[in-house]
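Close look at the chain arrangement
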Amino acid sequence: MTMADLALCADQDRWARDLKWTVSRTGFGARHYRDPRFDLVRELEEVGRLFTV
C-alpha cells in the first residue's frame, strides 16, 4: 500500500519539495502541502498587533 501511495503522489511531492514546501501524508493518495513562507506572514501579523494601540 505504501509503495502505491508513494508512486501515485511522486510527481506532486517532488514538485512541492523542489519549492521547499513541507509534505505531510494524510491518507492513501492524500497530502497536505504547506509553504513555510506563511510562517513569516503570521509572525508579521503578531508583531503588528503588538504595536496597535
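Our subject in this report is the structure included herewith.

1. Let's talk about the pattern of salt bridges
All chains considered together, the criterion is met by 6 salt bridges. Its salt-bridge partner being Arg34, residue Asp39 comes within 2.2 Å of it at the nearest N-O pair. Within the structure, one salt-bridge network assembled from shared partners comprises Asp5, Asp13, Arg25 and Arg31.

2. A word on the pairing of strand E1 (residues 22–27)
For E1 and strand E2 (residues 30–34), the ladder comprises 5 bridges, and the chain directions are antiparallel. Bridging across to E2, Thr22 finds its partner in Arg34. Counting the residues in the hairpin turn of E1 and E2 gives 2 residues, including Gly29, whose phi is positive at 75°.

3. Section: the packing of aromatic side chains
Going through the model one piece at a time under the given rule, you end up with 1 aromatic pair. Each ring, one from Trp15 and one from Trp21, has its centre 5.4 Å from the other, and the planes form 70°; the classification is edge-to-face. Owing to a relative accessible area of 23%, Trp21 belongs among the partly exposed residues under this scheme.

4. Concerning the environment of Ser24
Residue position: Ser24 is located in strand E1. Linking Ser24 and Arg34, residues 10 residues apart in sequence, is a C-alpha distance of 8.5 Å.

5. Describing a nonpolar patch on the surface
Judged by side-chain polarity, Met1, Leu8 and Phe28 come together as a nonpolar surface patch covering roughly 390 Å² of accessible area. With respect to the secondary-structure elements, Leu8 resides in helix H1 (residues 2–18). For Leu8, a relative accessible area of 52% translates into the label exposed.

Calculation criteria
Residues numbered from 1 in each chain as written. Predicted model: local features only at pLDDT ≥ 70, side-chain atom pairs only at ≥ 80, totals over all residues. Heavy atoms only, no water. Salt bridge = Lys/Arg side-chain N within 4 Å of Asp/Glu carboxyl O. Pairing = 2+ DSSP bridges. Helix = DSSP H or I, 4+ residues; strand = E, 2+ residues; numbered from the N terminus. Phe/Tyr/Trp six-rings, centres within 6.5 Å; stacked < 30°, edge-to-face > 60°. Buried < 20%, exposed > 50% of the residue type's maximum accessible area, 1.4 Å probe, protein only. Patch = residues over 30% accessible without salt bridge, like charges linked within 9 Å, V, L, I, M, F, W, Y side chains within 5 Å. Areas by Shrake-Rupley, 256 points an atom, 1.4 Å probe, with all protein chains shown as cover.

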